[in-house]
Structure formats: structure tokens, C-alpha cells
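Observations on chain architecture
If you want the building blocks of each chain, they are given just below.
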Amino acid sequence: MDRELFGREAVLEGLAPRLVGLPSSGFQQVRTEHAEDLPVVVLTGGRGTGKTVLLKQLRTHYRGRTPVALIDCEHRDFAGLPSGDPRAPYWSPVTEALSVLGEQLGPPVHGAGHIEFPRLAAGLVAIASTGWDPNNGQRVRDEALRLGMLVESGSRLKSTGRGWVVKVAAKFAALWTGVPPGLDVIVESTVESLLEDLFNRGQRQAANWYGEYPGAGGNAKRGLNLLALQFHRERDADARALAERHLVGALRADLKSAYAGMGKLRHVGRPLVLLDNVQAPLGRRLLEPVLRDRAEGRLDQAVVIAAFRGYDHPALRAARRCLLPQVTNATPWTRSTEVASGALAVELTGLEPEHVRQMLDREDPGMRTPPLLARGIHRLTEGRPLGVALLTKAAGQAISPQAAPSIPVPVPVQSSSVDLTPGTLLGLPVALREDTPGRESAAELLGQLVHPARLDRLTVLAAAHDTADAEALAAARLDHDGGAAGVLPMRALLAEEYWGTSPDHFIGDPFLRTLLLHRLHADSPRWRDVQQTMAAHYPDGHPRRLHHELALGQTAFTVARLRDTFRTSDAADWLRALRFIASAPLFGPSDTRRAVALGRTDAEQVAPDGTDRVFHLRIRRLLYCVWQLTDLLTLPDEDVTEKMGDELGQLSALHPTGNEVLWQASRSWPQAVREWRAPQTGDGS
């Protein structure tokens with residue numbers, strides 16, 4: 001989904017223009033920061049925080065105005081080759097990535113011509129020659145032609161380049177008459193042909209860069225030979241890493257050379273290299289050579305902006321760190337003696353409520369959605385851009401029948417804003433493109449946030465509170481999917497994906513947990529089984545048992561327990577238990593909480609024998625007040641908010657020791673709801 005970005009101006013209008021030297025639009029040059037030594041910018045954040053969209057927006061803004069390339073380090077093209085693929089001897093994710101980067105950076109831009117990559121081409125051709133099959137001349141010609149594009153534009157390669165390819169293939173075939181030649185002979189012959197038959201004088205001089213390869217002794221041909229042979233030693237990780245490091249350096253050296261002197265490229269922005277998902281092994285193999293070379297003084301002018309899923313990594317421990325707003329007007333970066341200090345890790349913060357309002361206004365220009373819906377979406381998603389974008393789009397399509405998508409599930413499309421809440425939006429369809437049918441918003445979000453192979457297991461575990469009861473739940477309800485043994489891998493996955501933690505929930509992130517529980521509730525029998533299993537895992541009266549009974553709609557015992565423990569419990573502990581129990585999820589259109597909270601059902605209630613009816617109903621109303629007001633899927637209700645404060649105030653006079661705590665809660669809890677915060681007791685818990 002290609003969407004307009006909000007809340008990312010610090011990068012689009014600040015950091016990137018200062019590093020590239022061009023604004024996000026137009027050709028007026030911007031004063032650059034860090035004239036010689038540039039930081040590697042690493043955008044950090046969890047899933048759905050907008051890292052990929054931001055990189056794509058940078059590419060869109062700068063494409064055609066300065067050399068720019070974007071690759072996804074998790075893309076299947078870099079994952080590996082099928083078993084038996086003939087390219088295996090000379091292929092690695094790094095060589096493939098560098099080839100793609102060179103192809104994207106090479107085309108002409110406004111005011112400047114094609115960029116040549118003679119160093120990179122020479123290294124890749126030398127490596128490729130180690131795996132060419134003499135009996136497959138066509139493959140030799142195709143691969144040589146593809147890599148030759150890094151040196152010459154298409155028009156010239158069609159003439160002189162094709163002649164070189166023919167000569168390479170002929171020389172290569174001639175080597176295989178009689179005893180098969182050694183790899184060093186093959187590489188030497190290929191490099192010799194490349195330098196003499198295709199490269200011009202300037203390109204041959206560029207290739208002399210390989211004379212600096214360890215052990216080359218200043219001889220470029222020897223350096224290329226060593227590069228290819230060490231790369232070919234696949235089982236020697238250090239040897240291949242050395243070769244790949246020099247290939248990364250070759251790309252950077254070619255870019256630096258293209259900008260040297262008085263060439264036209266001096267009048268455009270710095271080259272922009274965008275790397276997505278650098279937490280993947282390929283990302284580290286691309287970034288570490290850049291960081292290490294720059295730390296050792298081999299500088300270049302390439303602007304490298306990478307996206308890292310997460311917030312921390314051993315390779316970034318010494319990186320300079322800052323939050324997104326801090327790069328708006330200046331880049332807070334200086335290098336220290338640590339190699340990783342060459343990186344600037346910029347954490348992408350959540351969107352602000354005003355950004356959410358702007359995004360909703362874009363989808364609903366007639367402002368027909370409820371006034372509080374934007375804040376409700378922000379509270380549910382915590383400003384996570386993916387969630388905000390999808391839910392605001394769903395809202396806009398819901399109140400515009402002509403824009404509403406078709407959807408292959410039985411979910412009605414709203415034609416009025418009356419019932420639009422964050423909860424109803426999860427069940428509404430959203431179409432990301434005009435040519436595709438709509439899909440339920442919650443399902444679309446989970447499809448982008450959770451791998452399909454893990455979705456069913458996490459859906460069940462979303463009801464758990466800690467590892468122990470997650471294992472009990474998995475043993476009872478996931479015996480077909482690994483049972484209890486599958487819990488620890490899921491816990492590790494959540495940590496690796498940098499989802500938040502919580503002492504009260506196995507899945508700590510409220511947004512992800514809500515999406516998963518929404519999916520679980522769609523399967524009514526499974527929902528009931530899971531909630532009953534969790535309730536039975538705890539003794540009668542335990543807050544976690546009451547939490548799950550409330551999720552099943554069983555309220556009588558919860559009210560009784562809160563009533564009977566009110567005077568004997570510490571007031572702060574009682575409030576914490578109330579708040580936790582009332583965090584039980586409630587899905588579906590049947591929601592009577594407001595009516596109960598406001599006392600509209602009191603007349604039909606019969607208090608248990610031997611209890612104070614007024615006190616019993618007060619506890620019941622308070623439970624329903626807190627249950628509704630702390631539900632992320634509802635919108636605040638001022639009448640219910642006032643009622644919650646009144647009930648707490650009345651109860652404060654009835655507690656033997658907790659008058660002050662309850663009185664403070666009667667003031668602070670309604671205020672927290674009005675300020676879109678979670679109510680807390682006096683100790684902040």
C-alpha cells in the first residue's frame with residue numbers, strides 16, 4: 001500500500017535533505033552535513049512502524065534527481081538458490097545485492113549521465129568465472145552480458161560489449177581442451193579479457209584498485225584472482241567475508257570516483273543507498289564493511305539509510321542513538337573509536353494524535369466520523385503507522401458507500417458514523433487498492449504483522465498471562481501444534497520481533513493482543529474453550545480467573561467477589577484487582593455495559609440474600625464503568641466517566657482504611673480517562 005506519510009518530516013524534510021544535499025522535491029541544493037565522514041543512518045522500530053514505507057518514500061522523492069537504490073534484505077531473491085543451481089559456485093546474497101544496487105544506481109539522472117561501476121563489475125566477473133560451465137556457452141554469455149551492464153550503458157554494450165562477450169566465451173571454451181584448467185587460470189584469462197577487450201583506459205585504471213587487495217602486492221590482476229579464489233572457498237567464512245567486504249568497497253569506490261573531479265554528478269545530490277530489513281544476515285554483511293572501512297579512514301560520499309526491525313543488535317551497541325524528532329534540525333552524530341559509532345540509530349516514534357486526525361480527515365474529508373474516533377484509533381494502535389493507516393482508511397470507506405469495497409466475509413459496511421468505534425473498525429472491510437476486494441481490517445493487519453505459520457498459535461496464546469499458564473493453555477488447546485513445547489519459541493519470537501512485554505499478559509503489546517483476541521472471538525467455540533481453560537487454571541476468586549469469566553459474560557461471581565473483599569482488602573490492591581479484572585475483552589455488537597454502568601438495569605436486579613442491595617449495585621455499576629472506559633475498542637463516554645468518579649467517591653466513605661486512596665481515585669481515574677490515559681492507583685501501578 002503506497003500511502004502518504006505523516007509524522008516523518010524529521011527524515012523527509014530534515015535528515016535526508018541535509019545528507020543528500022537536495023530537498024525532498026526540486027533541485028535547489030541544500031547545505032550538506034558531514035562533508036567528508038558520513039554516518040550510516042539506521043531507522044529502528046518494530047513491525048508496522050513505517051520503516052519500509054519511509055524508505056520507499058525517500059526513493060520516490062529522490063528518483064530521477066540523484067542516484068538512488070533500494071533493496072529489501074529479506075527479499076526471496078537474496079534468500080538463496082535452489083538446490084543444484086549452476087550459479088551456486090559464484091553466487092551469494094551479497095554479490096546478488098551489489099549487482100542489483102549497481103543496476104539501480106547506474107541510470108542517468110537529471111543533469112548527469114550514466115554511472116559506471118568498473119571496480120564492482122571486475123570483481124563480480126572474476127568471481128562468476130569460477131563457476132562458468134564450458135559446455136554452456138549461452139549461460140557464460142548471458143552472465144557476462146548482465147555484469148557488463150555495470151560498466152557500459154545498454155547502447156554501447158550492444159556493440160562493443162557483445163564482441164567482448166563472444167571473446168570471453170571463446171577463450172573460456174579454449175581453456176577446456178584437454179586437461180581442465182585450474183580456477184586461477186580461468187580467472188586470470190577472464191580478467192585479462194575484461195580489462196583488455198571491454199574496459200577503456202579509465203576503466204582499466206579504476207580496476208587497478210584491486211592492487212590493494214591483501215596479498216596482491218599492487219598487481220590488480222593478482223588482486224582479482226585472489227578475490228575470486230577466496231570467495232570460492234565457501235567453507236572458509238573469513239575468506240569469503242574478506243572478498244565480500246572488498247566488493248562492497250568496490251561499489252563505494254566506484255560511486256566516489258563518479259563524483260570526483262568536475263563531472264556533472266557534482267551538481268546533483270549524493271548517491272542514496274536504501275537498505276530495508278538489515279536485521280537479516282545480508283543486512284549485516286552489507287553494513288559492517290561500510291562501517292569498518294569508514295572507521296579506518298576509507299571514506300566515501302554514499303548516503304546509506306537502512307531500516308532495522310527492532311531497537312538493538314550487537315553490531316549496533318556502540319551506535320549513536322536518538323529519537324526521530326531529534327534529527328529534525330540537525331544530525332546528532334559524532335564518531336568515536338568504536339567501529340559501530342559510525343552508525344546513527346534513529347528510533348521511529350509513534351504518530352501523535354494530531355497526525356492520526358490528519359490521516360482520518362484525509363480519508364473522511366466531510367468529517368462524518370465521530371469526533372473522538374481519531375483519538376480512539378491512536379489509543380488502540382499507540383500511534384503505530386500501519387494500524388493508523390488501515391483503520392482510518394476503513395473508517396473513510398465505511399462512511400462513503402461509493403468507496404466501500406466488496407468483502408468476501410459477512411461483515412456489513414456502515415453507511416453512518418453513529419456506530420464507528422475502534423472495535424467496529426476491526427470488523428469492517430478495507431481495500432488497499434481499487435482493483436482488489438476488501439478484507440476485514442483486523443485480518444489485514446494481522447496478515448502484515450504476524451507470519452501466517454505462527455498466527456494460529458499466537459491467537460490462542462493471546463489469552464495467556466505468563467509463560468506458565470501459556471504452557472498450560474497450549475497443552476490443552478494446542479496439542480496438535482506442538483503443545484507446551486511450542487510456547488518458548490513463541491516467547492522468543494515475540495522478543496525477536498520487539499513486541500512489548502507486560503507482567504499481566506504473555507503477549508505484552510496491547511494492539512497485537514487485541515487483534516489476536518478479535519480473531520479468536522470470531523471462532524465462538526474456540527473462544528469459549530480457551531477462556532474456560534484459562535479460568536479453570538486459577539482458583540476461585542483469583543483475579544485472573546475472574547478476568548476470563550468476565551470475558552465469557554459471567555459477571556455475577558465477579559461482582560460478588562469484589563463486593564465481599566472490598567472492606568477486607570487493601571484499597572490500592574482492590575483497585576488494581578478491579579482494573580485488571582475489568583480489562584477482560586468484549587467483542588461483538590451486544591454491549592450493555594453503558595446501561596448497567598448508568599444504573600438503568602438496577603430495578604431488575606435482585607441482590608443476593610444477606611447483602612446490602614445498595615452496596616451490591618454500586619460495586620456492579622463501578623465494575624461496568626471501568627470495564628467500558630478502559631476498553632481500547634470503545635470511545636470514552638462522559639456520562640459513564642462521571643458515574644465512575646461518583647461511585648468511587650461514595651465507596652471511599654465505606655472502606656475502613658482506604659478512604660484517601662479511593663477518594664484520590666475518584667478524582668484521578670476520570671481525569672485519566674478524559675486525557676486518554678490508563679487509570680492508576682496512587683503508587684503509579
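In this text the structure is predicted, and so the values were computed from the model without any measurement.

1. Overview of the side chain of Thr95
- By the secondary structure assignment, Thr95 is in helix H3 (residues 93-105).
- From its side chain, Thr95 meets the backbone oxygen of Ser92 in a polar contact 2.9 Å long.
- In this structure, Thr95 is in contact with Tyr90, Leu124, Phe231 and Leu247, ignoring residues within four places of it in sequence.

2. Concerning the pairing of strand S3 (residues 272-276)
- In terms of burial, S3 is largely enclosed, as 5 of its 5 residues are buried.
- Here S3 shows no split at all, with Leu272, Leu274 and Asp276 on one side and Val273 and Leu275 on the other all buried.
- Relative to S3, strand S2 (residues 68-72) runs parallel, the two being bridged by 5 bridges. Opposite Ile71, over in S3, you have Leu275 as the bridge partner.
- Two strands pair when backbone bridges link them, and S3 and strand S4 (residues 303-309) are joined in this way by 4 bridges, in the parallel orientation. The residue of S4 that forms the bridge with Leu274 is Ile305.

3. Quick notes on helix H20 (residues 510-521)
- Along its 12 residues, H20 runs 16 Å from first to last C-alpha, staying within 8% of the 16 Å computed at 1.5 Å per residue.
- The element H20 is extensively covered by neighbouring structure, given that 9 of its 12 residues are classed as buried.
- Every buried residue belonging to H20 is among Phe511, Leu512, Arg513, Thr514, Leu515, Leu516, Leu517, His518 and Leu520, and all of these are buried.

4. Regarding the packing of helix H22 (residues 543-551) against helix H24 (residues 571-581)
- Put simply, H22 and H24 touch, their axes get as near as 8 Å, and they point 35 degrees apart. Relative to H24, the crossing made by H22 is right-handed. Residues Pro543, Arg544, Leu546, His547 and Leu550 of H22 touch H24, and the partners they reach there are Ala577, Phe580 and Ile581.
- Tallied by class, residues from the contact of H22 with H24 come to 6 nonpolar, 1 polar and 1 charged.

5. Describing the packing of aromatic side chains
- Taken as a whole and judged by the stated rule, the model has 6 aromatic pairs.
- With a centroid separation of 5.0 Å and an interplanar angle of 80 degrees, the aromatic rings of Phe566 and Trp574 are classed as edge-to-face.
- By the ring-pair criterion, three or more aromatic residues cluster together here, those being Phe566, Trp574 and Phe615.
- Its end group placed over the ring of Phe615, Arg567 keeps NZ or CZ at 4.5 Å from the ring centre.

6. Structural notes on the confidence of the model for the protein
- For the protein, mean pLDDT is 88; residues scoring 70 or higher make up 89% of the total.
- Low pLDDT (under 50) marks residues 408-415, which in the prediction has 18 contacts with non-local residues, meaning those over four places away or in another chain.

7. Digging into the nonpolar core
- With 92 residues, the main nonpolar core has Trp574, Leu578 and Met644 as its most contacted residues.
- Per-element tally for this core: the top contributor is helix H26 (residues 613-629), with 9 residues.
- Other than its neighbours up to four places away in sequence, Met644 contacts Leu622, Cys625, Val626, Leu629, Trp669, Pro670 and Val673.
- Ala207, Leu227, Ala250 and Leu275 belong to the second-largest nonpolar core, a separate cluster that totals 59 residues.

8. Describing empty space enclosed by the protein
- Applying the stated rule across the entire model yields 5 cavities of 30 Å³ or more.
- There is about 130 Å³ of room inside the largest cavity.
- Val278, Arg284, Leu287, Ala315 and Leu316 are the residues nearest the centre of the largest cavity, which is lined by 14 residues in total.
- Per-element accounting of the lining of the largest cavity gives the leading share, 5 residues, to helix H11 (residues 281-295).
- Taken together, the residues of the lining of the largest cavity break down into 9 nonpolar, 3 polar and 2 charged.

9. Remarks on the packing of H24 against H26
- For the pair H24 and H26, the least separation of the axes is 9 Å and the interaxial angle reads 60 degrees. As the angle between them shows, H24 and H26 are arranged oblique. Between H24 and H26, the contacting residues are Trp574, Leu578 and Arg579 on the first element and Ile619, Leu622, Leu623 and Val626 on the second.
- When grouped by side-chain class, the residues that make up the contact of H24 with H26 number 6 nonpolar, no polar and 1 charged.

10. Let's talk about the sheet that holds strand S1 (residues 40-45)
- Taken in spatial order, the 6 strands make up an open sheet running S2-S3-S4-S1-S6-S5, and their pairing is parallel. Looking at which strands have only one partner, the edges of the open sheet turn out to be S2 and strand S5 (320-323). Here the average twist between neighbouring strands, direction ignored, is 20 degrees.
- Here S1 pairs with strand S6 (residues 343-347) via 5 bridges, running parallel.

Each value, and the rule that gives it
- Residues numbered from 1 in each chain as written.
- Predicted model: local features only at pLDDT ≥ 70, side-chain atom pairs only at ≥ 80, totals over all residues.
- Heavy atoms only, no water.
- Helix = DSSP H or I, 4+ residues; strand = E, 2+ residues; numbered from the N terminus.
- Polar contact = N/O pair within 3.5 Å; in protein donor to acceptor, adjacent residues only side chain to side chain.
- Contact = heavy atoms within 4.5 Å.
- Buried < 20%, exposed > 50% of the residue type's maximum accessible area, 1.4 Å probe, protein only.
- Pairing = 2+ DSSP bridges.
- Expected span 1.5 Å × (residues − 1).
- Axes fitted to C-alpha atoms, helices over the stretch in contact; angles between N-to-C directions.
- Left-handed = near helix turned anticlockwise from the far one by under 90°.
- Nonpolar A, V, L, I, M, F, W, Y, C, P; charged D, E, K, R; others polar.
- Phe/Tyr/Trp six-rings, centres within 6.5 Å; stacked < 30°, edge-to-face > 60°.
- Lys NZ or Arg CZ within 6 Å of the ring centre and 35° of its normal.
- pLDDT = per-residue confidence, 0-100.
- Core = buried A, V, L, I, M, F, W, Y, C linked by side-chain atoms within 4.5 Å.
- 1 Å grid on protein atoms, 1.4 Å probe; cavity = no way out; pocket = protein on both sides within 12 Å on 5 of 7 lines; lining within 4 Å.
- Points joined across faces, edges and corners; volume = space filled by probe spheres on them.
- Parallel < 35°, antiparallel > 145°, perpendicular 65-115°, else oblique.

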